[in-house]
Number of protein chains: 2
Amino acid sequence: MVSTSRTRVTLKDIAAHAGVSRSTVSLVMQESELVAGATRKRVQEAAAALGYVYNRGAATLRSSRTATVGVVVHDIANPFFGALMAGIDETLQAADYIPFLASSGDSLDRQARFLARMREHRVDALLLCPAEETPASSIEAIADWGMPCIEVMRHVGQSPLGDYVGADLRTGVINAVRHLVTQGHRRITLLAGIADHSADRERLAGYRYAMHEAGLDGLSSVDRGPLTRCAGRERTLALLRGATAPTALICHNDLVALGALLALSHLGLRAGQDCAVVGVDDIEEAALAEPALSSIATHPRAIGRNAAELAMKRIGHPEGERQRIVLEAPLVIRASSRISSAVAQEST
Amino acid sequence: MVSTSRTRVTLKDIAAHAGVSRSTVSLVMQESELVAGATRKRVQEAAAALGYVYNRGAATLRSSRTATVGVVVHDIANPFFGALMAGIDETLQAADYIPFLASSGDSLDRQARFLARMREHRVDALLLCPAEETPASSIEAIADWGMPCIEVMRHVGQSPLGDYVGADLRTGVINAVRHLVTQGHRRITLLAGIADHSADRERLAGYRYAMHEAGLDGLSSVDRGPLTRCAGRERTLALLRGATAPTALICHNDLVALGALLALSHLGLRAGQDCAVVGVDDIEEAALAEPALSSIATHPRAIGRNAAELAMKRIGHPEGERQRIVLEAPLVIRASSRISSAVAQEST
DNA sequence: GCTCCGTTTTGGATCGATCCAAAAAGTGTC
DNA sequence: GACACTTTTTGGATCGATCCAAAACGGAGC
């Protein structure tokens with residue numbers, strides 16, 4: 001039963017109704033162990049009877065915990081970040097936290113505005129996929145504010161300054177190169193992005209390491225360009241028409257790789273047979289592409305979960321040691337990188 | 001220059017520094033026209049000098065405006081909702097509002113918990129894609145709380161109770177049927193979802209209307225099942241192996257339609273030539289599928305923008321007349337539904 | 001110099017919770 | 001029944017802004 005009174009119900013009203021003090025009601029609302037069972041029950045019933053709504057704003061003013069976090073991604077329309085966000089949301093819901101969300105569109109200005117707003121709202125932590133070109137000073141400033149910040153997927157600077165959760169793309173790419181070399185490939189091109197950020201550098205480092213390991217330094221070739229599906233198609237067409245066409249492609253992400261598959265089919269070539277293609281992310285679409293796309297699985301949902309869990313931990317222990325969680329990014333081999341695609345078994 | 005003092009800067013500190021009263025500083029923070037230009041400038045400089053951070057929690061306590069809204073979607077990992085959210089975010093950023101986000105996973109319980117939290121946080125408005133089976137009473141309850149609520153894409157009950165923004169799927173499906181009939185199809189099957197919600201009913205209504213119009217009532221056939229890509233593939237295989245196989249499919253969304261394309265290619269059939277396929281949503285992938293997929297374009301980003309704009313308007317005029325914004329959902333015809341796919345021009 | 005009137009500025013009360021030190025109630029012992 | 005000790009409960013101060021009615025200011029007109 002809910003009160004129909006127009007004036008708002010406060011702790012004071014509940015206190016009067018239950019015959020206790022405001023302080024006691026407050027303790028009940030905070031689920032404190034201090035208050036006796038019978039009293040707790042009486043207060044809860046009074047709250048329900050009056051249709052009480054907890055006022056988090058008022059609580060925040062005094063206690064400075066908000067049970068909210070801020071999440072910044074580059075583009076929530078990108079399925080990768082959708083999945084990441086789903087993982088974050090999942091963990092936060094379990095912990096009774098609520099996320100503010102902003103898409104930065106990789107714009108420093110929008111990112112800065114959102115961060116300022118988060119500070120005004122006094123979020124308990126930030127989960128940040130830093131926009132390109134974010135200076136280290138921004139991350140330091142956030143730390144100065146006393147606000148825990150978890151960098152996700154990308155980090156600024158050569159190595160993460162504070163907490164970080166990402167995928168081991170370096171090892172992933174190394175495995176991809178080794179796999180391709182085993183299949184007899186030597187001309188392996190990396191289709192990278194234009195921007196120079198940590199996630200990009202990691203792929204590159206893995207690529208160079210593995211090519212060197214295989215004695216293929218001389219054949220290393222990195223193609224830089226935009227990272228959309230269309231761009232993937234165009235870039236692949238250009239590469240294959242070149243004088244020294246590659247026989248295998250490692251693409252920055254699955255969208256680019258799917259574009260590459262389109263290019264191959266356009267040229268009447270068969271992916272896997274005529275030119276191997278490996279993507280990154282292992283989005284849902286990869287397994288269902290024709291032919292099925294090999295991909296380095298980054299498990300965005302798991303990364304989101306881990307990042308949110310780390311945030312919860314950091315809120316509890318602000319001064320604890322910083323953590324760097326790097327999740328495995330296993331290579332999922334499918335038809336697009338197998339010479340004998342007749343053997344259609346999937347390896348993980 | 002930023003103060004290094006450990007204690008937080010408040011309006012009182014700024015007032016002292018600028019030689020005015022708290023009230024005046026408050027007015028400056030609210031960008032009020034009342035305060036004289038020179039004073040405003042002095043206050044702003046003082047605020048900057050002291051490194052002031054506006055405390056929205058405190059402001060909310062008194063004024064009950066929060067500059068936040070709550071957004072509920074079913075599954076943020078679904079690219080459709082990602083795009084929707086991107087549209088919402090875009091509009092909100094322009095208006096200096098910030099969204100809380102939750103994925104309900106179509107669970108009434110999770111939805112209810114999130115809504116309760118939003119009430120505690122006193123968001124200024126809600127953008128809600130109601131979970132399946134949401135009772136009308138929930139929407140009414142939100143209205144009772146005095147919280148503006150915009151239903152997005154789906155609405156509870158036979159027609160929207162309050163503000164609503166969606167796509168005109170009924171007309172979209174009618175156009176699809178007419179298009180298919182023009183191409184000579186008669187056995188046109190609708191691949192629908194299992195749940196009975198407004199967006200589903202609209203598709204069905206359009207389908208029945210158009211089939212009747214074409215004198216094909218007797219051939220109407222609605223297949224109900226899950227809405228994933230895999231399910232789309234399996235359902236299509238089952239249909240085509242049936243005694244009276246359809247020659248055209250209208251799929252609940254593009255994921256199902258892409259599954260249908262996989263099924264056709266698996267059977268060695270050519271989409272467009274042997275069996276026409278039309279999807280709904282026109283996601284990015286549709287245009288790049290092989291063959292390119294015809295689709296009813298729902299423009300999620302535009303819907304998101306409109307919904308957020310309506311929310312902003314409703315916050316300003318809570319008692320204004322309720323609006324129902326239904327955006328056009330034009331049929332985009334591509335190769336997957338054209339008999340003569342040689343003529344590869346795209347119509348919008 | 002004084003009144004009138006529009007523009008600026010102000011102090012005190014207020015929003016609704018939490019914090020804290022101290023009071024009250026309850027338990028067990030001798 | 002007094003004592004020490006633990007478990008519960010309490011009132012007042014407090015967080016940092018906004019609201020509002022009233023005061024101060026400043027220029028025009030007489």
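Cut-offs used in this document
Residues numbered from 1 in each chain as written. Chains lettered and ligands numbered in written order. Predicted model: local features only at pLDDT ≥ 70, side-chain atom pairs only at ≥ 80, totals over all residues. Heavy atoms only, no water. 1 Å grid on protein atoms, 1.4 Å probe; cavity = no way out; pocket = protein on both sides within 12 Å on 5 of 7 lines; lining within 4 Å. Points joined across faces, edges and corners; volume = space filled by probe spheres on them. Helix = DSSP H or I, 4+ residues; strand = E, 2+ residues; numbered from the N terminus. Nonpolar A, V, L, I, M, F, W, Y, C, P; charged D, E, K, R; others polar. Contact = heavy atoms within 4.5 Å. Buried area = accessible area lost by both parts, 1.4 Å probe. Salt bridge = Lys/Arg side-chain N within 4 Å of Asp/Glu carboxyl O. Least-squares fit on C-alpha atoms with pLDDT ≥ 70 in both. Near = heavy atom within 4 Å. Polar contact = N/O pair within 3.5 Å; in protein donor to acceptor, adjacent residues only side chain to side chain. Phe/Tyr/Trp six-rings, centres within 6.5 Å; stacked < 30°, edge-to-face > 60°. Buried < 20%, exposed > 50% of the residue type's maximum accessible area, 1.4 Å probe, protein only. Lys NZ or Arg CZ within 6 Å of the ring centre and 35° of its normal. Axes fitted to C-alpha atoms, helices over the stretch in contact; angles between N-to-C directions. Parallel < 35°, antiparallel > 145°, perpendicular 65-115°, else oblique. Pairing = 2+ DSSP bridges.

The next subject is empty space enclosed by the protein. As enumerated under the stated definition, the model contains two cavities of 30 Å³ or more in all. Roughly 220 Å³ of volume is contained in the largest cavity. Together, 17 residues line the largest cavity, and Gly57 and His121 of chain A together with Gly57, Thr60 and His121 of chain B are the ones closest to its centre. Taken together, the elements giving at least two residues each to the lining of the largest cavity come down to α4 (56-63) of chain A together with α4 (56-63) of chain B. When its residues are assigned to classes, the lining of the largest cavity shows two nonpolar, eleven polar and four charged. Considering only enclosed or pocket space, the second largest cavity measures out at about 140 Å³ in volume. Lining the second largest cavity are Leu101, Ala102, Arg110, Arg113, Phe114 and Arg117 of chain A together with Asp89, Gln93, Asp96, Tyr97, Ile98 and Pro99 of chain B. It is helix α6 (residues 108-120) of chain A that provides the largest number of residues to the lining of the second largest cavity, a total of four residues. For the lining of the second largest cavity, a count of residues per class yields six nonpolar, one polar and five charged.

Another point: the interface of chain A and chain B. The partner chain B presents 42 residues to the 42 residues of chain A that form the contact. Summed over both sides, the interface of chain A with chain B buries roughly 4300 Å², with 57% coming from carbon and sulfur. Summed over the shared surface of chain A and chain B, the result is four salt bridges. Two residues, arginine 56 of chain B and glutamate 120 of chain A, come together in a salt bridge whose shortest N-O distance is 2.7 Å. Put simply, the parts of the chain that give the side of chain A that touches chain B at least two residues each are α4, α5 (79-95), β2 (98-103), α6, α10 (229-241) and α12 (284-288) of chain A. In terms of residue count, the dominant contributor to the side of chain A that touches chain B is α5 of chain A (seven residues).

One copy of the chain maps onto the other through a rotation about an axis plus a displacement along that axis. Superposition of chain A onto chain B requires a rotation of 180 degrees combined with a translation of 0.1 Å along the rotation axis, giving an RMSD of 0.1 Å. Those values place the two copies in the arrangement expected of a two-fold rotation axis. The C-alpha atom lying nearest the rotation axis in chain A is that of phenylalanine 100 of chain A; the distance is 2.2 Å. A symmetric contact is evident, with 100% of the interface residues of chain A recurring at the interface of chain B.

The immediate surroundings of DNA strand C are formed by 26 residues, with Ser26 and Tyr52 of chain A together with Ser23, Thr39 and Arg62 of chain B found nearest. Considering DNA strand C, the proportion of its atoms within 4 Å of the protein that are sugar or phosphate atoms stands at 65%. Note that a phosphate oxygen of DNA strand C is positioned 2.8 Å from one of the backbone N or O atoms of serine 21 of chain B. The set of elements that each furnish at least two residues to the surface near DNA strand C consists of α2 (22-29) and α4 of chain A together with α2 (22-29) and α4 of chain B. The dominant element in the surface near DNA strand C, judged by the number of residues it contributes, is α4 of chain A, at five residues. By residue class, the composition of the surface near DNA strand C is eleven nonpolar, ten polar and five charged.

This part is about the protein's contact with DNA strand D. In the vicinity of DNA strand D there are 26 residues, among which Ser23 and Thr39 of chain A together with Leu11, Ser26 and Tyr52 of chain B approach most closely. When the atoms of DNA strand D within 4 Å of the protein are grouped by moiety, sugar and phosphate amount to 66% of the total. Arginine 62 of chain A places a polar side-chain atom, nitrogen or oxygen, 3.2 Å from a base oxygen of DNA strand D. In this structure, a base nitrogen belonging to DNA strand D sits 3.5 Å away from a side-chain N or O atom of serine 23 of chain B. Within the residue set of the surface near DNA strand D, elements represented by two or more residues are α2 and α4 of chain A together with α2 and α4 of chain B. It is α4 of chain B that contributes the most residues to the surface near DNA strand D, five residues altogether. For the surface near DNA strand D, a count of residues per class yields eleven nonpolar, ten polar and five charged.

The next subject is the packing of aromatic side chains. Given two aromatic rings, one states the distance between the centres and the angle between the planes to describe the pair. Tallied over the entire structure, the rule returns three aromatic pairs over all chains. Consider the rings of phenylalanine 80 of chain A and phenylalanine 81 of chain A, whose centres lie 5.3 Å apart with planes at 85 degrees: the pair is edge-to-face. Of the two residues, phenylalanine 80 of chain A and phenylalanine 81 of chain A, both sit in the buried class. Measuring from centroid to centroid gives 4.1 Å for phenylalanine 100 of chain A and phenylalanine 100 of chain B, while their planes differ by 25 degrees, and the two rings are stacked. One end of the pair, phenylalanine 100 of chain A, is in strand β2; the other, phenylalanine 100 of chain B, is in strand β2 (residues 98-103), on a second chain. Per residue, the accessibility class of phenylalanine 100 of chain A equals that of phenylalanine 100 of chain B, and both read buried. Here the guanidinium or amino end of arginine 170 of chain A rests over the ring plane of tyrosine 209 of chain A, the centre of that ring lying 5.0 Å away.

All names here are of chain A. The full count for this structure, using the stated rule, is 32 salt bridges over all chains. Put simply, arginine 301 and glutamate 90 hold a salt bridge, and the shortest N to O gap is 3.2 Å. Taken as a pair, arginine 301 in helix α13 (residues 300-316) and glutamate 90 in helix α5 lie far apart in primary sequence, 211 residues in all. Overall, arginine 301 belongs to the partly exposed group, its relative accessible area being 35%. On the accessibility criterion, glutamate 90 (31% relative accessible area) is partly exposed. Linking glutamate 213 and arginine 178 is a salt bridge whose minimum nitrogen-to-oxygen distance equals 2.7 Å.

Looking now at the packing of α2 of chain B against helix α3 (residues 37-50) of chain B. Residue and element names in this part refer to chain B. Between α2 and α3, whose axes approach to 10 Å, the crossing angle comes to 90 degrees. The orientation of α2 with respect to α3, classified from their angle, is roughly perpendicular. In this structure, α2 contributes Thr24, Val25, Val28 and Met29 to the contact, and α3 contributes Thr39, Arg40, Val43, Gln44 and Ala47. Of the residues that constitute the contact of α2 with α3, the class distribution is five nonpolar, three polar and one charged.

This brings us to the side chain of serine 337 of chain B. All names here are of chain B. Topologically, serine 337 is positioned in the segment after β12 (331-332). Residue class for serine 337 comes out buried when judged on its relative accessible area of 1%. Engagement of the side chain of serine 337 in a polar contact is seen with the side chain of serine 294, the distance being 2.6 Å. Ignoring sequence-local partners within four residues, the contact set of serine 337 consists of His179, Leu180, Gln183, Gly272, Ala276, Val277, Val278 and Ser294.

This part is about the sheet that holds strand β7 (residues 221-224) of chain A. Residues and elements named next belong to chain A. Spatial ordering of the open sheet is given by β7-β6-β8-β9-β10-β12, a layout of six strands whose pairing is mixed. At either margin of the open sheet sits one strand with a lone partner, and together these are β7 and β12 (331-332). Two strands pair when backbone bridges link them, and strand β6 (residues 188-192) and β7 are joined in this way by four bridges, in the parallel orientation. Its bridge partner lying in β7, leucine 191 is registered against aspartate 223.

All names here are of chain B. Taken in spatial order, the six strands line up as β7-β6-β8-β9-β10-β12 in an open sheet, and their pairing is mixed. Across the chains shown, the open sheet's two edge strands, defined by having one partner strand only, are β7 (221-224) and β12. With four bridges joining them, strand β6 (residues 188-192) and strand β8 (residues 248-251) adopt parallel strand pairing. The residue bridging leucine 191 from the neighbouring strand is cysteine 251, located in β8. Relative to β6, helix α10 (residues 229-241) is tilted by about 150 degrees, and along the sheet it contacts β6, β7 and β8.

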